[in-house]
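What follows is the residue order along each chain.
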2 protein chains.
Amino acid sequence: MKRNSRLSLALHTLSHMAEEPNRVRTSADIADHAGTNPVVVRRVLGRLREAGLLTSEKGHAGGWRLARSPQQITLADVYLALNERMIATGPDYEVPSCSVEHALFRRVTTVLTEVEASLVQKLSETPISAISGT
Amino acid sequence: MKRNSRLSLALHTLSHMAEEPNRVRTSADIADHAGTNPVVVRRVLGRLREAGLLTSEKGHAGGWRLARSPQQITLADVYLALNERMIATGPDYEVPSCSVEHALFRRVTTVLTEVEASLVQKLSETPISAISGT
DNA sequence: GCATACGCAACTAATAAAGTTACATTTAGC
DNA sequence: GCTAAATGTAACTTTATTAGTTGCGTATGC
Ligand code: FES
Ligand code: FES
């Protein structure tokens, strides 16, 4: 698959969940629908659970469901929950000591930070319930 | 190295070139300074040449130099020349037929396109000459 | 002619992500 | 209690992308 398939998978799944919030879905069902593997689904949805967007239940009639109403979950919530910012320049870059590199780093970081904030802002305007309709 | 080392390498190199626009630099010099390989340098700078930002000369006293004044080359020029948009959702995504996936795709694409444009806009405000200090 | 540069193709190495397998644990229903 | 069905997780394999390397052809200044 391609990069950011995690975000695709998460958004796709939550969009469907927004349609029938009370239905419990198993990772096997979701994986089958999305054309991937249950373990991959659990990995991705696990992050959403950590972020408080989903709940999961083990055992016989277990599975996944939304932790709150679909109107209260926005695309930004999903994006942030996955913690994979499209705009790189994370803390993995060591701040350089040389003046040229430092100036460059600062400039680029400033721009990327602004753009990242703008992205999150725009995403936050759409709840997942708006995707499927209602 | 990490992802987007191409952009880092390109910006770093051009920032230095902006300091002494008339100096010719060989890919070996640049590679040595940047801690990489001459072939990698030629690969990256080759794209900048295709975009008209640099010129290269073969032979004895050959090497790389800016194709125009450093005030006329912005960070956006470099970013666009490399043709690796940070904001994914390129044409490699096939447009989905299902309505839910389609609505999601459209929404996300709209946001990303806007953000990408905003990024380029911000980058275009800084010429490479501004990094090293005129 | 020779040293020095780029251009390019082909290969290898390193990395990250997805996918897979296996198994422990939990839970509902009988 | 036993069984079936679900998640949780670790370990491994596969795949894709990128950087790095080697080798050689070509151009050019001295
Ligand atoms: S020497 Fe410091 S940026 Fe290149
Ligand atoms: S069925 Fe999942 S998006 Fe169409």
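For the structure itself, consult the block above.
This structure is a prediction, so every number in the text was calculated from the model and none was measured. (Residues numbered from 1 in each chain as written. Chains lettered and ligands numbered in written order. Predicted model: local features only at pLDDT ≥ 70, side-chain atom pairs only at ≥ 80, totals over all residues. Heavy atoms only, no water.)

Q: Explanation requested: the relation of the copies chain A and chain B in the structure shown.
A: Relating one copy of the chain to the other takes a rotation about an axis and a shift parallel to that axis. Overlay of chain A on chain B (RMSD 0.1 Å): rotation 180°, translation along the axis 0.0 Å. Within this description, the copies of the chain are treated as partners about a two-fold rotation axis. Both copies present the same face, since 94% of the interface residues in chain A are matched by interface residues at the equivalent positions in chain B. (Least-squares fit on C-alpha atoms with pLDDT ≥ 70 in both. Contact = heavy atoms within 4.5 Å.)

Q: Quick question: what am I supposed to make of the protein's contact with DNA strand C here?
A: Neighbouring residues of DNA strand C: 24 residues in total, closest A:S5, A:R6, A:R43, B:S27 and B:R49. For DNA strand C, the backbone portion of the atoms within 4 Å of the protein, that is sugar and phosphate, comes to 67%. Take A:T36: an N or O atom from its side chain is 2.8 Å from a phosphate oxygen of DNA strand C. A distance of 3.1 Å separates a phosphate oxygen of DNA strand C from a polar atom in the side chain of B:R42. If you list the elements that add at least two residues to the surface near DNA strand C, you get helix 1 (5-19) and helix 3 (38-50) of chain A together with helix 3 (38-50), strand 1 (54-57) and strand 2 (63-66) of chain B. Sort the elements by how many residues they give to the surface near DNA strand C and helix 3 of chain B lands first, with 4 residues. Its residues assigned to classes, the surface near DNA strand C comprises 5 nonpolar, 11 polar and 8 charged. (Near = heavy atom within 4 Å. Polar contact = N/O pair within 3.5 Å; in protein donor to acceptor, adjacent residues only side chain to side chain. Helix = DSSP H or I, 4+ residues; strand = E, 2+ residues; numbered from the N terminus. Nonpolar A, V, L, I, M, F, W, Y, C, P; charged D, E, K, R; others polar.)

Q: Explanation requested: the side chain of B:E84 in the structure shown.
A: Residue and element names in this part refer to chain B. Take E84: it is sitting in the loop between helix 4 (75-82) and helix 5 (99-123). Judged by relative accessible area, E84 falls into the buried class, the value being 17%. Here R6 takes part through its side chain, which lies 2.6 Å from a polar atom of the side chain of E84. Setting aside its immediate chain neighbours within four residues, E84 contacts N4, R6, L7 and Y79. (Buried < 20%, exposed > 50% of the residue type's maximum accessible area, 1.4 Å probe, protein only.)

Q: I keep staring at the protein's contact with DNA strand D and nothing clicks. Help me out?
A: Neighbouring DNA strand D are 24 residues, the closest being A:S27, A:R49, B:S5, B:R6 and B:R43. If you look at DNA strand D and keep only atoms within 4 Å of the protein, 64% of those are sugar or phosphate atoms. Contact between DNA strand D and B:R6: a phosphate oxygen at 2.6 Å from a side-chain N or O atom of the residue. Between B:T36 and DNA strand D, the recorded distance is 2.7 Å, taken from a side-chain N or O atom to a phosphate oxygen. For the surface near DNA strand D, the elements supplying multiple residues, two or more each, are helix 3, strand 1 (54-57) and strand 2 (63-66) of chain A together with helix 1 (5-19) and helix 3 of chain B. A total of 4 residues in the surface near DNA strand D trace back to one element, the largest contributor, which is helix 3 of chain A.

Q: It is not clear to me how the interface of chain A and chain B should be interpreted in this structure. Could you clarify?
A: When the parts come together, some accessible area is lost, and that loss is often what is quoted as the size of the interface. The interface is formed by 32 residues belonging to chain A together with 30 residues belonging to chain B. The junction of chain A with chain B conceals about 2800 Å² of combined surface from both sides, 73% of it contributed by carbon and sulfur atoms. In this assembly, chain A and chain B are joined by 2 salt bridges. Its salt-bridge partner being B:K122, residue A:E114 comes within 3.2 Å of it at the nearest N-O pair. The interface formed by chain A and chain B includes 4 residue pairs in polar contact (both at pLDDT 80 or more). Of all the secondary-structure elements, those providing two or more residues to the side of chain A that touches chain B are helix 1, helix 5 (99-123) and helix 6 (129-132) of chain A. Looking at the side of chain A that touches chain B element by element, the count peaks at 14 residues for helix 5 of chain A. Residue composition of the side of chain A that touches chain B, grouped by class: 16 nonpolar, 8 polar and 8 charged. (Buried area = accessible area lost by both parts, 1.4 Å probe. Salt bridge = Lys/Arg side-chain N within 4 Å of Asp/Glu carboxyl O.)

Q: Sorry, what's going on with the environment of B:D32 here?
A: Residues and elements named next belong to chain B. As for its placement among the helices and strands, D32 is situated in helix 2 (residues 27-34). When its relative accessible area of 66% is taken as the criterion, D32 is described as exposed. Placed 72 residues apart in sequence, D32 and L104 show a C-alpha to C-alpha distance of 46 Å.

Q: How should the packing of helix 1 of chain B against helix 3 of chain B be read in this particular structure?
A: Helix packing for two helices is described by the angle between their axes and how far apart those axes are. All names here are of chain B. Two elements in contact, helix 1 and helix 3, have axes whose closest approach is 10 Å; the angle formed by their N-to-C orientations is 75°. Classified by the angle between their axes, helix 1 and helix 3 sit roughly perpendicular to one another. Across from R6, L9, A10, T13 and L14 in helix 1, the residues of helix 3 making contact are V40, V41, V44, L45, R47 and L48. Considering only residue class, the contact of helix 1 with helix 3 consists of 8 nonpolar, 1 polar and 2 charged. (Axes fitted to C-alpha atoms, helices over the stretch in contact; angles between N-to-C directions. Parallel < 35°, antiparallel > 145°, perpendicular 65-115°, else oblique.)

Q: Could you clarify how one ought to interpret the pattern of salt bridges in this entry?
A: Residue and element names in this part refer to chain A. As enumerated under the stated definition, the model contains 12 salt bridges over all chains in all. The salt bridge involving E84 is made with R6; its shortest N-O contact spans 2.6 Å. Here R6 lies in helix 1 and E84 lies in the loop between helix 4 (75-82) and helix 5, a separation of 78 residues in the sequence. Overall, the relative accessible area of 37% leaves R6 in the partly exposed class. Its salt-bridge partner being D77, residue R68 comes within 3.5 Å of it at the nearest N-O pair. Several salt bridges share partner residues, and in doing so they unite E20, R23 and R25 into one network.

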